[in-house]
Each structure stands twice: as structure tokens, then as C-alpha cells.
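# Descriptive analysis of the structure
Single-letter residue listing:
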Amino acid sequence: MSIGTRSRISAKAAQFTESVIREMTREALRHNAINLAQGFPDFPAPAEVKLAAQEAIASDINQYAITWGSRDLRNAIAAKTAEWQGLTVDPEREITVCCGATEAMIAALLATVDPGDEVIVFEPFYENYGADAILSGATPRYVSLRPPEHPDGDWQFDPAELRAAFNAHTRAIILNTPNNPTGKVFTPTELELIRDLCVEFDALAITDEIYEHILYDGSRHISPATIEGMADRTITINGMSKTYSVTGWRVGWLIAPPDLTSAIRKVHDFLTVGAAAPLQAAGAVALRLPESYYQHLSADYLSRRDQLLNALREAGLIAYRPRGAYYIMTDVAAFNFKDDVDFVRHLIADIGVAAVPGSSFYNSTLGSQQVRFAFCKRAETLTAASERLQRLRPR
Ligand SMILES: Cc1ncc(COP(=O)(O)O)c(C=O)c1O
């Protein structure tokens, strides 16, 4: 006897769609379009870091590392955090290495959030956060980052709207600075305001700082854990992907107070056991690169940003100048397409450039005329994309 039909898909999985960003990469391949959609570099990683990975495999670092990360990498993370942020963290009790910032975020949420809890997310947001909230059973509460009146201005949030999002059910706020997709770099004043609300409502801050070294126009990255009163309530997430141009290596980490770290390590262990051991060995080498490496990284990204910003503006888009990270958010309303998805389909199929529809960064409809372009690409790639973009015409 049949027990009747029931869904073979969990309610959680049914609530979100597959990643639009990754889908755009597949579309770009299908149409042979230049991929300014997904944020991965098309230039090589630093030679000494690649060599360190080769040597690690040659010297038989082939078995599981300690589940929360090899001691050498954790020591390197602690040393770099002390040097760059002035924060003392205990590599034995406060650092967990995992498979990218992506695993770090879901592990942090699964370790700290219960179904029914609320998690505050600034919108537009990196699209993983929406799915992460659902997977952890949390209810996301979105707070708008509004585009500036002038495209060279800063994206802003309304403090009153942020305050209204906090309540007795708020367990955490997710903060991404420098921000994907807007390029916003949160200021000390904004972070202090967030600190005051976290303290008042006894909430955690889960901060994604994966673009910490990609900064423009003199903006400074302030790690929220360094704001007075925040170290004990902040889970700091970072990784190798963007800083060392190795998005495919899947090495990231979390820094959190010992009680939170214990919970995170348990979740991480049962999710993935650990990140690739030889790549952790190479990570320790990467994190010990001299300061000049980071200066070059930022300078190279500045010229890429300016190249794409100029090209987008010449093509007639409103292109918001990012202060950090490697994306440019644009407004394409002037082109009279039905919506952002319609615009991007035309861009990929007819112009030969892939980008990401803005709506994939929003829960609301606010992104329906926005499109995100990534510029983590060689100058030649950006030049070729720029030439194609000049063929864009309004409908
Ligand atoms: C804000 C943000 N966090 C995390 C990630 C992914 O990081 P990882 O490669 O370390 O998983 C990305 C990648 O685009 C990102 O933009």
C-alpha cells in the first residue's frame, strides 16, 4: 500500500534557488562570453605560494590535518592578525581552519543559531547568506544599504531601520566589509553603532572580511572585532581565496572566543573534517608574505577598478565607485530592459560579457535594475570586455 505522495525535497532546500552567480559562469561558457560574473581571478597566484603547495605534496603532507587546522597555519593566522589588526588570538582555542569562508559562514551559523532565531543581513548581500540563514533555521531580517545619489558616493544604511531590525529574537548580525556587491567599507562610526546594538540586544556579529586587503581611495579596513567591546561577541571569517588569488583551494578560517570556537569546531568536524592539508601548508607560507605583497595587490586592483569603472560609465551605465572588494554595482534602468535578468541575458548572448543580475543580491525587488560586474581579471580581459560593452544600446 502506498503512503501517498510526499515531496522528496526538504522544505529547506525548496526555499532557495541554485546560485545565480555560478549559473552565470556556466552561461558565459556556453556563449563564449567574457566572464565578469563570478569573482575569481584569471591571473596566477603568487609563485612562492604555488611552490609551497607543490612541495607540501612532494613531502607527503597527504593525510588529514588536525580537524581545526594545522598548527603552522593557525600560528600564521594568529601572527598576521596580531600584526595587521593588533588583536591577540590564541591559535589553540580561538582559530578554526575550514573549507573556505563559505564553510566558515555556515559552520558559524549552525553553531550559534537555533530555529526561530533571527539573523540580520544587510541587503544587497552576498547571495550565500540567504541560503545559509535558511539552512541554519534562522529567519533573516534584511536592512537596506541604499545606493548613493552620486555614483562616487557611499552606500548607506538608515540607523533607525537597523535599530528596528533588532529585537529579543536577534541572535546575530552578518557583516561583510569590504562588501560584496556594493564595495562599501564600513566606517568606525558605523561599526560603533552596530556594536551598541549588539551589546544592547546581546547579539553576535559574524563578520566576513574576505576582501580585507582589497581597498581603494584611502579607505581603511576596520575589523569589527577590534571595536571596543566586540572581541567577545564577534566571529571573524576570512580566507585565502581573494587575498592570494586561489579561490579553488578552498581554505578559510574563523576567529572566535573559546566557547564559540568549541561549538564551531564540532560543527566543522562533522561537516567536512578539514581543509586540504597540503594547501594549509601553503597557506602558512602565504600568510607570511611581506607587507609589499599586499601593497601590490591593492595597487593592481585599483588600476583594474578604474579601467572597468571608466568602461562601464562610457557605455552609459550608472556605475557606483567601490571603496573595496572587486565588484562594481551598476544601475541599468536607462537601458529600458524589462529587468536585470533580461539585461544580463542580452549582455551574455549578444554583447559577449557575463555579469550577475542585481536581484540575486536582494530579497526585495530593489535590485531589479541593478547588475554586478567583477574586475578580478587581467588588463587584457578587461580591455576586451570594455570594447564589447561599448556596443550596448538602450531598448
Ligand atoms: C563576501 C564573500 N564571502 C565569501 C566568499 C567565498 O569565499 P571562499 O572562497 O573562501 O569560500 C565570497 C566569494 O565570492 C564572497 O564574495
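See above for the structure.
Residues numbered from 1 in each chain as written. Predicted model: local features only at pLDDT ≥ 70, side-chain atom pairs only at ≥ 80, totals over all residues. Heavy atoms only, no water.

## Concerning empty space enclosed by the protein
Cut-off, in case you're wondering: Buriedness of a pocket was judged along seven lines, with at least five required to meet protein on both sides within 12 Å; pockets are open sets of points on a 1 Å grid over the protein atoms alone, cavities are sets where a 1.4 Å probe fits but cannot get out, and lining residues have an atom within 4 Å of a point. Grid points are joined across faces, edges and corners, and a volume is the space filled by probe spheres set on the points. Only runs of H or I of at least four residues qualify as helices and only runs of E of at least two qualify as strands under DSSP, and these elements are numbered from the N terminus. Each residue is assigned to one class: nonpolar for Ala, Val, Leu, Ile, Met, Phe, Trp, Tyr, Cys and Pro, charged for Asp, Glu, Lys and Arg, and polar for all the others, Gly among them.
Counted according to the given criterion, the structure contains three cavities of 30 Å³ or more. Quantified by volume, the largest cavity comes out at close to 140 Å³. Every residue lining the largest cavity is counted, 14 residues in all, and those nearest its centre are T81, E212, N238, W253 and I255. Elements with a contribution of two residues or more to the lining of the largest cavity: α4 (71-85), β7 (234-239) and β8 (252-255). Taken together, the residues that form the lining of the largest cavity break down as six nonpolar, five polar and three charged. Its boundaries defined by the atoms lining it, the second largest cavity holds a volume of some 60 Å³. What lines the second largest cavity is simply V121, F122, P124, F125, Y126, Y129, I174, L175, N176, N179, N180 and F186. Looking at the lining of the second largest cavity, the element that brings in the most residues is strand β5 (residues 170-176), giving three residues. Considered class by class, the residues forming the lining of the second largest cavity number nine nonpolar, three polar and no charged.

## A few points about the sheet that holds strand β2 (residues 95-98)
Worth spelling out the cut-off: In short, DSSP must find at least two bridges between two strands for them to pair. As a rule, the C-alpha atoms of each element are fitted with a line to give its axis, helices using only the stretch in contact, and angles between N-to-C directions run from 0 to 180 degrees. In what follows, residue pairs with any heavy atoms lying within 4.5 Å of each other are defined as contacts.
Ordered by their spatial adjacency, seven strands build an open sheet running β2-β8-β7-β6-β5-β3-β4, and the pairing between neighbours is mixed. Of all the strands in the sheet, just β2 and β4 (139-144) have a single pairing partner and so form its edges. Sheet twist, expressed as the mean angle between neighbouring strand axes with direction ignored, is 20°. Sheet topology places β5 next to strand β6 (residues 204-208); five bridges connect them, and they run parallel. Of the residues in β6, the one forming a bridge with L175 is T207. Taken strand by strand, α4 contacts β2 and β8, and its axis lies near 120° from that of β2.

## Examining the pairing of β6
This is how it is decided: Note on classification: 1.4 Å probe, protein chains only; a residue is buried when its accessible area is under 20% of the maximum for its type, exposed when over 50%, partly exposed between these limits. When the strands point away from the viewer and the connection leading from the first strand across the helix to the second strand turns clockwise, the crossover is called right-handed.
By the criterion of burial, β6 is predominantly enclosed, with five of the five residues buried. Burial of β6 is two-sided: the residues L204, I206 and D208 facing one way and the residues A205 and T207 facing the other way are all buried. Handedness of the crossover joining β5 and β6 through helix α8 (residues 188-200): right-handed. Pairing between β6 and β7: four bridges, direction parallel. Within the sheet, the bridge partner assigned to A205 lies in β7 and is T234.

## Comments concerning the site of the ligand
Rule in force here: Throughout, near means a residue has at least one heavy atom within 4 Å of the molecule or strand. In protein, a polar contact requires one atom able to donate a hydrogen and another able to accept it; more generally it is a pair of N or O atoms within 3.5 Å, and residues adjacent in sequence count only if both atoms are side-chain atoms. With residues, only the protein chains shown are counted as cover, and all accessible areas are computed by Shrake-Rupley using a 1.4 Å probe.
If you check the shell around the ligand, you find 14 residues, and the closest are T102, D208, Y211, S241 and R250. One of the backbone nitrogen or oxygen atoms of A101 is found 2.7 Å away from an oxygen atom of the ligand. Separating an oxygen atom of the ligand from a side-chain N or O atom of Y211 is a distance of 2.6 Å. Within the complex, 93% of the 400 Å² of free accessible area of the ligand lies under protein. Looking at side-chain class alone, the shell around the ligand contains six nonpolar, five polar and three charged residues.

## Side note on the layout of surface pockets
A volume near 500 Å³ is recorded for the largest pocket. Taken together, 24 residues line the largest pocket, and the ones lying closest to its centre are F16, T17, E18, E127 and S360. Put simply, the parts of the chain that give the lining of the largest pocket at least two residues each are α2 (20-31), α6 (128-135), β4 and α12 (340-351). A class-by-class count of the residues in the lining of the largest pocket yields 11 nonpolar, eight polar and five charged. Roughly 410 Å³ of volume is contained in the second largest pocket. Considering the residues around the second largest pocket, the lining is formed by 25 residues, among which R22, T102, Y126, K242 and R250 are closest to the centre. Among the secondary structure elements, those contributing two or more residues to the lining of the second largest pocket are α2, α5 (100-112) and α6. Per-element accounting of the lining of the second largest pocket gives the leading share, four residues, to α5. For the lining of the second largest pocket, the per-class residue count stands at nine nonpolar, 10 polar and six charged.

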